[in-house]
Amino acid sequence: MNPNVRQLLTLLCTACLLTLTACQAAPPEAAPPAPSSQSASVSQAGPDVPAAPAQGPVPAPDLNGNGIAEEVRLVGTAWGDTEVQFFENGVLVNRESPGVYLCTLDGEDYILHYRVENEYPGYFLYSYHIGRFSGEPDDLFPEETGQWGEVSFDLSFGAPFHRGFDPEAIAAFAGEINGLLAHSVRLDERDGALAAQTGLTEDLDFLNSFPEVFVRAPEKSLLENLEAFQETMTRAYPPAQPGEPGPLPIEKPLDLYFASGVGAWSTWIHLDPDGAFTGSFTDADMGVAGEDYPGGTTYLCLFHGSFGPAVQLTPASWSLALEELVLTTGHPVGEEWVKEGVRYIASEPYGLDGADGSALEPGAQFILYAPEATGHAPGTELYGAYEFWTWWSRRNTLESAADTLGCWGLHSLETGYGFFS
C-alpha cells in the first residue's frame, strides 16, 4: 500500500486530538429537545446528578418509516452469543448487538449506537451516531446515518504527549448525547431475555476515578465539575522537570522497528549510543506486478541521521530532539526504477515523517522509553499514550506498576508513531 494512503488511514483511525463534531439530517434536527448545542446547555446548567435508569417494555419501532412496526427479538447465534434482530412481517430486516438503543425523535424511530472506548489507561473516546434503514426487507443493514458526534481526550496531564482536555467540548458532547438518551431505550440481554432500559444518562464516570485527588460536587453543573477536574489534575500532575542533557541511556546499539504487526511493510532504525542512526523503510506489494517487474512493487526509503543529547524526564523516559535526517535512497521521492524484476518507488521514511507525510525536520521531538516504563496511573511514563501504544505489536494492558513496556520504545511526538525493540 502506498505510504501516503496508509498514513491517511492512520490519521483517520486515531483520535489524536480533542474533537467534537456533529452532522445532522432533517428528522433529528426537529427533535424535542434539539440534540445539539441546545441540549448541551441543559447539562451545563443543572446540578451534576444523573437520573436513575428504569425497566420498560420492549418497543415495536418503525425504523424504515413505512408504517409497519418491526418485531424486536433476542436471538442466539451459531457462535454462542446473542444479537438483537428486527423482523418485518416475519422477515429479518436488521440485526444489532445487545446494547443498541432505539431513539424516537419527533415521532420518527432511529437506531442509536453509542460507544465509550477506554481500551488504554487515561485515553477516552466517546462517540455516537443515529440512523435508520429504509431498504426493502430482503436488503439487510441498509442503515443511513442521520447525526453523529464524538469527543476524545486523555488524562495524561503534564505529559509531553498530552493531546488536550477541553471541558466545554466534553460537557457539550455529554449534553448532546443525554438529549438523545432522554428519548431512547437501550436493548440488552438480561437472564436470557430482551430487556429495555430507560432513563439512562451519561455522567462521565471517569470523574470519579481519582477520589484521592478529586471529588465531584453534585450541586455543581457538569461543566463546572470538568473545569475543576482539569484544574485539580493539572496541579496534581505537573510537567516533569527535565534533567541536564546527557548521553543516551544505552550502552550498545538498539534495533527499533515501526510496523503494523501484519502485512509486508516496516521501518527499521539502528540507533547507536551516541545518537547516530541508520535505517530503512520497505513496503513490498507482490500483487502490483507488470511484464517488466514480475517480482512486484516495493516502496523503499534509506536514511541516516542523529538525535541530540538525551534529557531525562522520568526514571524510565528521556526526551530526544532530531538533529539530522538525510534520505540516502539514491532517487528522489516518487521516482520509479526496476531492478532484478522488481519495481521500486522511492518513498518518504514512514515513521520518521510528519503529519504532511514529508520527512521530519531537525528539532522534531521524541521520547525514548526504557523497558521499565509503565502507564497504569497518572504521572507514569505511558499513561494516556494511546497513539504510541497502538503501534506496539506485543501490547498488553498496563494495569499496575508491575506491568511494564518490556522493551525499548521510541515515541514520535509529531504523530504518535512508535518504534519498539
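Computed from a predicted model, the values in this text were never measured in an experiment. (Residues numbered from 1 in each chain as written. Predicted model: local features only at pLDDT ≥ 70, side-chain atom pairs only at ≥ 80, totals over all residues. Heavy atoms only, no water.)

A. Structural view of the nonpolar core. The biggest cluster of nonpolar side chains holds 52 residues, and the ones touching the most others in it are Ile-269, Leu-271, Phe-277, Phe-366 and Leu-410. Discounting residues that sit within four places of it in the chain, Leu-410 has contacts with Leu-256, Ile-269, Phe-307, Leu-320, Phe-366, Ile-367, Leu-368, Phe-388, Tyr-417, Gly-418 and Phe-419. (Core = buried A, V, L, I, M, F, W, Y, C linked by side-chain atoms within 4.5 Å. Buried < 20%, exposed > 50% of the residue type's maximum accessible area, 1.4 Å probe, protein only. Contact = heavy atoms within 4.5 Å.)

B. Broad picture of a negative patch on the surface. A cluster of acidic side chains, namely Asp-166, Glu-168, Glu-219, Glu-224 and Glu-227, defines a negative patch on the protein surface. Of note, Glu-168 is situated in helix α4 (residues 167-181). Taking relative accessible area as the criterion, Glu-168 reaches 53% and is therefore assigned exposed. (Patch = residues over 30% accessible without salt bridge, like charges linked within 9 Å, V, L, I, M, F, W, Y side chains within 5 Å. Areas by Shrake-Rupley, 256 points an atom, 1.4 Å probe, with all protein chains shown as cover. Salt bridge = Lys/Arg side-chain N within 4 Å of Asp/Glu carboxyl O. Lys, Arg positive; Asp, Glu negative; His and termini not counted. Charge placed at Lys NZ, Arg CZ, Asp CG, Glu CD. Helix = DSSP H or I, 4+ residues; strand = E, 2+ residues; numbered from the N terminus.)

C. Region of the structure containing the environment of Thr-397. Structurally, Thr-397 is set in the loop between α6 (386-390) and β21 (409-412). A relative accessible area of 44% places Thr-397 in the partly exposed class. Spatially, the C-alpha atom of Thr-397 lies 8.4 Å from that of His-376, the residues being 21 residues apart in sequence.

D. Quick peek at the sheet that holds strand β3 (residues 71-76). If you trace the 3 strands from one edge of the open sheet to the other, you get β3-β4-β5, paired in antiparallel fashion. The sheet is open, and its two edges are formed by β3 and β5 (91-96), each paired on a single side. Between one strand and the next, the sheet's axes are offset by a mean angle of 35°, whatever the strand orientation. (Pairing = 2+ DSSP bridges. Axes fitted to C-alpha atoms, helices over the stretch in contact; angles between N-to-C directions.)

E. Region of interest: the confidence of the model for the chain. Overall, the prediction assigns the chain a mean pLDDT of 86, with 84% of residues at 70 or greater. Here residues 1-45 is a poorly scored stretch, pLDDT under 50, and it has 98 contacts once near neighbours within four places are set aside; other chains count. Confidence drops under pLDDT 50 across residues 137-142; counting only partners more than four residues distant or on other chains, this segment forms 17 contacts. (pLDDT = per-residue confidence, 0-100.)

F. Highlighting the packing of α4 against helix α5 (residues 222-236). Where α4 meets α5, the axes come as close as 9 Å, and the angle between the chain directions of the two elements is 145°. Both α4 and α5 take part in a crossing whose hand is right-handed. Mapping the contact onto sequence places Pro-167, Glu-168, Ile-170, Ala-171 and Ala-174 in α4 and Leu-222, Leu-223, Leu-226, Glu-227 and Gln-230 in α5. (Left-handed = near helix turned anticlockwise from the far one by under 90°.)

G. Structural detail: the pairing of strand β19 (residues 342-346). The buried fraction of β19 is high, at 4 of 5 residues. Pairing of strand β15 (residues 297-307) with β19 involves 4 bridges; the strand directions are parallel. Bridge pairing in β19 places Tyr-299 opposite Ile-345. Where strand β18 (residues 336-339) lies against β19, 4 bridges are found, and the strand directions are antiparallel. Across the sheet, Glu-336 pairs through a bridge with Ile-345, a residue of β19.

H. Quick peek at the side chain of Arg-343. With respect to the helices and strands, Arg-343 occurs in strand β19. Given the relative accessible area of 15%, Arg-343 is considered buried. A distance of 3.3 Å separates polar atoms of two side chains, one belonging to Arg-343 and the other to Glu-336. In this structure, Arg-343 is in contact with Val-288, Tyr-293, Gly-296, Thr-297, Thr-298, Glu-336, Trp-337 and Val-338, ignoring residues within four places of it in sequence. (Polar contact = N/O pair within 3.5 Å; in protein donor to acceptor, adjacent residues only side chain to side chain.)

I. Geometry of the pairing of β3. Of the strand pairs in this sheet, β3 and strand β4 (residues 82-88) are connected by 6 bridges, and their pairing is antiparallel. When the bridges of β4 are listed, Glu-71 appears paired with Phe-87.

J. Representation of the pattern of salt bridges within the structure. Under the definition given, this model contains 8 salt bridges. Arg-95 is the partner of Glu-83 in a salt bridge, and the nearest nitrogen-oxygen pair spans 2.8 Å. Taken together, the residues span a long stretch of sequence, with Glu-83 in strand β4 and Arg-95 in strand β5 at a distance of 12 residues. On the basis of relative accessible area, Glu-83 is assigned to the buried category, the value being 15%. For Arg-95, a relative accessible area of 31% puts it in the partly exposed group. A salt bridge links Arg-343 to Glu-336; the nearest nitrogen and oxygen atoms lie 3.3 Å apart. Residue class for Glu-336 comes out partly exposed when judged on its relative accessible area of 46%.

K. Inspection of the side chain of Asp-62 at higher detail. By the secondary structure assignment, Asp-62 is in the loop between β2 (54-56) and β3. Of the side chains with opposite charge, Arg-132 lies nearest to the buried Asp-62, which makes no salt bridge, at 5.5 Å. In this structure the side chain of Asp-62 is engaged in a polar contact, spanning 3.2 Å, whose partner is the backbone nitrogen of Gly-65. In this view, Asp-62 contacts Gly-67, Ile-68, Glu-70, Asp-109 and Arg-132; residues no more than four positions away in its chain are not counted.

L. Structural detail: α5. Spanning 15 residues, α5 covers 21 Å between terminal C-alpha atoms, matching the ideal 21 Å at 1.5 Å per step. For α5, the set of buried residues is Leu-222, Leu-223, Asn-225, Leu-226, Phe-229, Thr-232 and Met-233. (Expected span 1.5 Å × (residues − 1).)

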